[in-house]
There are 2 protein chains.
Amino acid sequence: MEELKLKNQICFPIYALSREITQLYSKHLGELDVTYPQYLVLLVLWEHATQTVNQIGEKLFLDSGTLTPLLKRMEAKELLTRTRSTADERVVEINLTEKGMNLKHTAACIPSQIFDEVGITSEEVDMLRAFTNKLFAYNTKK
Amino acid sequence: MEELKLKNQICFPIYALSREITQLYSKHLGELDVTYPQYLVLLVLWEHATQTVNQIGEKLFLDSGTLTPLLKRMEAKELLTRTRSTADERVVEINLTEKGMNLKHTAACIPSQIFDEVGITSEEVDMLRAFTNKLFAYNTKK
DNA sequence: CAAAACAATATTGTGCGCAATATAATTTTA
DNA sequence: TAAAATTATATTGCGCACAATATTGTTTTG
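Please read these numbers as outputs of a predicted model, since none were measured by experiment. (Residues numbered from 1 in each chain as written. Chains lettered and ligands numbered in written order. Predicted model: local features only at pLDDT ≥ 70, side-chain atom pairs only at ≥ 80, totals over all residues. Heavy atoms only, no water.)

**What about the packing of aromatic side chains?**
Note the cut-off: The criterion for an aromatic pair is that two Phe, Tyr or Trp rings (for Trp, the six-membered ring) have centres within 6.5 Å, with stacked assigned to planes under 30 degrees apart, edge-to-face to planes over 60 apart and tilted to the rest. In this description a helix means any DSSP run of H or I spanning at least four residues, a strand means any run of E spanning at least two, and both kinds are numbered starting from the N terminus. Relative accessibility decides the category of a residue: with a 1.4 Å probe and only protein chains considered, values under 20% of the type maximum give buried, values over 50% give exposed, and everything between is partly exposed. Here, over-ring charges are defined by two tests on the NZ atom of lysine or the CZ atom of arginine: distance to the ring centre within 6 Å, and angle to the ring normal within 35 degrees.
Per the stated rule, a full pass over the model turns up 13 aromatic pairs over all chains. Their ring planes at 40° and their centres at 5.4 Å tell us that Y25(A) and Y39(A) sit as a pair that is tilted. Within this pair, whereas Y25(A) is found in helix α1 (residues 11–29), its partner Y39(A) is found in helix α2 (residues 36–47), the two being separated by 14 residues in sequence. On the accessibility criterion, Y25(A) (2% relative accessible area) is buried. In textbook terms, an aromatic cluster arises when at least three aromatic residues are bridged by ring pairs, as seen for F12(A), Y15(A), Y25(B), Y36(B), Y39(B), W46(B) and F61(B). Here the guanidinium or amino end of R19(A) rests over the ring plane of Y15(A), the centre of that ring lying 4.5 Å away.

Here's what the structure looks like:
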């Protein structure tokens, strides 16, 4: 059964590569004292001042089961604040602290460093993003 | 800082896609009662009769911290056996049980089912394969 | 307006993933 | 050949992921 051989798997390389990338980033993120998923949350918050847990989850495709404890760890590191909205008390608003905002300067060079190291073309990035969108579109409707 | 915007991230789509794949596979693997990482171990063992923990780890890029408990769970499900080698007592040899081998027939159709469902074209498979080979070749050498 | 439906976040439980360390067996080497 | 180095697996501890469920607050509806 040729289709079950590991070398013919198309999804396994993505799975393995994803973990390699997380490790690659971890080396660079060590000095910021954040993990890769925490770094992704910082990316969202550097771009959008105030975000609810839901809004972060939609952008990163993560649910509250992952985000709630992750955000609490970032709050403990004083990178962000978690505040119940007064307008709607179901909502928790996430805001960066001064410390969290300042990490942006240190982090700015990381993507280009990794981009250079790995050497991906913009065509490959576009292809990958289109492919990701296709899978997500399928999965959210079913 | 344009390079820190989420939409310009290179590695985030790979990270998101990897999780997406695991979820897609999970739906199909439910009837086999195995997880995606456990399915990858099955792929290795369907292809290579007897494997040590090390050999599986080299093929899947996983270490004993991940594999030992995972293999114990698969042993508990009676999919495989874990036996200390008599020749070298440091080594644990993994062998499929009859039950583990028989899952191959049920699993054979899964990859093509997923491609069909999501509507992945052969062009996309080729692009994706070229892309992952490129990045993975880079990442494993350094 | 009270009950039902809905929405946002939290909690629980399970299974990875991996760094760091431990343990035990084997091989190398002084 | 005894000590040192190496190898193979196991253990520990922490941080995701995610399904399932609970909790609390808001909106809808009969």
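**Observations regarding the environment of S64(A)**
Residue and element names in this part refer to chain A. As for its position among the elements, S64 is in helix α4 (residues 64–76). With a relative accessible area of 46%, S64 lands in the partly exposed category. When the C-alpha atoms of S64 and N54 are compared, they prove to be 7.7 Å apart, with 10 residues separating the residues in sequence.

**Comments concerning the pairing of strand β3 (residues 92–96) of chain B**
Residue and element names in this part refer to chain B. Rule in force here: When DSSP finds two or more bridges between two strands, those strands count as paired.
Burial of the side chains of β3 is restricted to one face: V92, I94 and L96 are buried, whereas none of E93 and N95 on the reverse face is. Here 3 bridges tie strand β1 (residues 50–52) to β3, and the two strands are oriented antiparallel to one another. When the bridges of β3 are listed, T50 appears paired with N95. Summarising the sheet, strand β2 (residues 80–84) and β3 pair through 5 bridges and their orientation is antiparallel. Its bridge partner being in β3, R82 is matched across the sheet by I94.

**Looking at the side chain of S85(A)**
Residues and elements named next belong to chain A. Which entries qualify depends on this criterion: Whenever a nitrogen or oxygen atom comes within 3.5 Å of another N or O atom, the pair is scored as a polar contact, on the condition that within protein one atom can donate a hydrogen and the other can accept it, and that pairs from neighbouring residues in sequence are kept only if both atoms are in side chains. Whether two residues are in contact is decided by their heavy atoms, any of which lying within 4.5 Å being enough.
In this fold, S85 is placed in the loop between β2 (80–84) and β3 (92–96). Polar contacts involving the side chain of S85 include one to the main-chain amide nitrogen of D88, which spans 3.2 Å. Sequence-distant contacts of S85, that is, excluding residues within four places in its chain, are made with V91 and E93.

**Focus on the pattern of salt bridges**
Residues and elements named next belong to chain A. This is how the line gets drawn: Note on definitions: salt bridges are taken to be side-chain nitrogens of Lys or Arg within 4 Å of carboxyl oxygens of Asp or Glu.
Under the definition given, this model contains 8 salt bridges over all chains. A salt bridge links D88 to R90; the nearest nitrogen and oxygen atoms lie 2.7 Å apart. Judged by its relative accessible area of 25%, D88 is partly exposed. A residue is classified by how much of its surface remains accessible, and R90, at 69% relative accessible area, is exposed. Each of E2, K5 and K7 takes part in one network of salt bridges that share partners.

**Observations concerning the packing of α1(A) against helix α2 (residues 36–47) of chain B**
Rules: Each axis is a line fitted through C-alpha atoms, taken for helices only over the stretch in contact, and angles between the N-to-C directions span 0 to 180 degrees. Convention used here: angles under 35 degrees read as roughly parallel, angles over 145 as roughly antiparallel, angles from 65 to 115 as roughly perpendicular, and any remaining angle as oblique. With the far helix as reference, a near helix turned anticlockwise by less than a right angle produces a left-handed crossing, and one turned clockwise produces a right-handed crossing. Residue polarity follows a fixed list, in which Ala, Val, Leu, Ile, Met, Phe, Trp, Tyr, Cys and Pro are nonpolar, Asp, Glu, Lys and Arg are charged, and the others, Gly among them, are polar.
Following both chains from N to C, one finds α1(A) and α2(B) inclined at 120°, their axes separated by 12 Å at the closest point. In terms of axis orientation, α1(A) runs oblique to α2(B). For the pair α1(A) and α2(B), the crossing hand works out as left-handed. Counting all contacts with α1(A), which are made through C11(A), F12(A) and Y15(A), the residues of α2(B) involved are Y36(B), P37(B) and L40(B). Class assignment for the residues of the contact of α1(A) with α2(B) results in 6 nonpolar, no polar and no charged.

**Structural notes on the protein's contact with DNA strand D**
Applied cut-off: We call a residue near a given molecule or strand whenever any one of its heavy atoms falls within 4 Å of it.
Around DNA strand D lies a shell of 29 residues, among which T35(A), Q38(A), Y15(B), Q23(B) and R82(B) are the nearest. Of everything in DNA strand D that lies within 4 Å of the protein, sugar and phosphate atoms constitute 80%. Between DNA strand D and E89(A), the relevant distance is 3.2 Å, taken from a phosphate oxygen to a main-chain nitrogen or oxygen of the residue. Here a phosphate oxygen of DNA strand D and a side-chain polar atom of T68(B) are 2.7 Å apart. For the surface near DNA strand D, the elements supplying multiple residues, two or more each, are α2 and α4 of chain A together with α1 (11–29), α3 (53–60), α4 (64–76) and β2 of chain B.

**Focus on the relation of the copies chain B and chain A**
To keep things clear, this is the line we draw: Fitting of the copies onto one another was done by least squares over C-alpha atoms, counting residues only where both copies have pLDDT of at least 70.
Mapping chain B onto chain A is achieved by rotating through 179° and translating by 0.2 Å along the same axis, at an RMSD of 1.5 Å. Such a combination of rotation and displacement between the chain copies is what one expects of a two-fold axis. Closest approach to the rotation axis within chain B is made by the C-alpha atom of S18(B), at a distance of 2.7 Å. The fraction of interface residues of chain B whose copies in chain A are also interface residues reaches 95%, indicating that both copies meet through the same surface.

**A word on unusual backbone geometry**
Residues and elements named next belong to chain A. In the Ramachandran plot, D33 falls in the positive-phi region, its phi being about 60° despite a non-glycine side chain. Topologically, D33 is positioned in the loop between α1 and α2. Its identity as a non-glycine residue notwithstanding, F61 has a phi of 60°, on the positive side. Mapping F61 onto the fold places it in the loop between α3 (53–60) and α4.

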